[in-house]
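Chain residues, written in single-letter form:
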Amino acid sequence: MKLAAAAFATAKILDYSVARAARELCYIPLLDADKMSAKPVIDMFSYRFAKGFASAQLTAAVAVAAWAPGAATLLSFVVWFVAARGLGRRFNDESNSAA
């Protein structure tokens, strides 16, 4: 039961943090008039993709956690750190080039 609760909580966390951010990024290249008409399509496809991606990630995380819990925690930290650092650098580069 605890594993199911943890999986559900992780799915919701990923849905809120990753899926929403990805969905918002899809709106950036659109004109204001196009944003309203494209919103349902972007929301539908990003939601379905995010659900599948989160499911695959959770399956992999459960498999690794069952095999080596400490390795799962370390791997999660490393992946998140590398992704956040890369996105931060890209944001800084684009912010400096826009200014």
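It should be noted that the structure appears before, not after, this text.
These notes cover the structure that comes with them.

Our focus in this paragraph is the overall build of the protein. Counting its regular elements, the protein contains three helices and zero strands. The order of helices and strands in the protein, counted from the N terminus, is α-α-α. In terms of overall dimensions, the protein is more spread out than a globule: its C-alpha atoms have a radius of gyration of 17 Å, far above the 13 Å expected for 99 residues. Overall size of the protein, expressed as C-alpha extent along the three principal axes, is 50 × 30 × 15 Å. A buried classification covers 12% of the 99 residues belonging to the protein. When the accessible surface of the protein is totalled, it reaches about 8100 Å², and 71% of it is carbon and sulfur. With 11 positive and 7 negative side-chain charges, the protein shows a separation of 12 Å between the mean positions of the two kinds.

As enumerated under the stated definition, the model contains one aromatic pair in all. Taking the centre distance of 5.9 Å and the plane angle of 25° together, the rings of F77 and F81 count as stacked. You can see F77 and its partner F81 sitting in helix 3 (residues 69-98), four residues apart, about one turn around the helix. With relative accessibility at 52%, the residue F77 sits in the exposed group. By relative accessible area, which is 43% here, F81 ends up partly exposed.

Now for the environment of R20. Take R20: it is sitting in helix 1 (residues 2-27). Here the alpha-carbon distance between R20 and F81, two residues 61 residues apart in the chain, equals 19 Å.

Rules used throughout
Residues numbered from 1 in each chain as written. Predicted model: local features only at pLDDT ≥ 70, side-chain atom pairs only at ≥ 80, totals over all residues. Heavy atoms only, no water. Helix = DSSP H or I, 4+ residues; strand = E, 2+ residues; numbered from the N terminus. Rg over C-alpha atoms; globule rule 2.2 N^0.38 Å. Buried < 20%, exposed > 50% of the residue type's maximum accessible area, 1.4 Å probe, protein only. Areas by Shrake-Rupley, 256 points an atom, 1.4 Å probe, with all protein chains shown as cover. Lys, Arg positive; Asp, Glu negative; His and termini not counted. Charge placed at Lys NZ, Arg CZ, Asp CG, Glu CD. Phe/Tyr/Trp six-rings, centres within 6.5 Å; stacked < 30°, edge-to-face > 60°.

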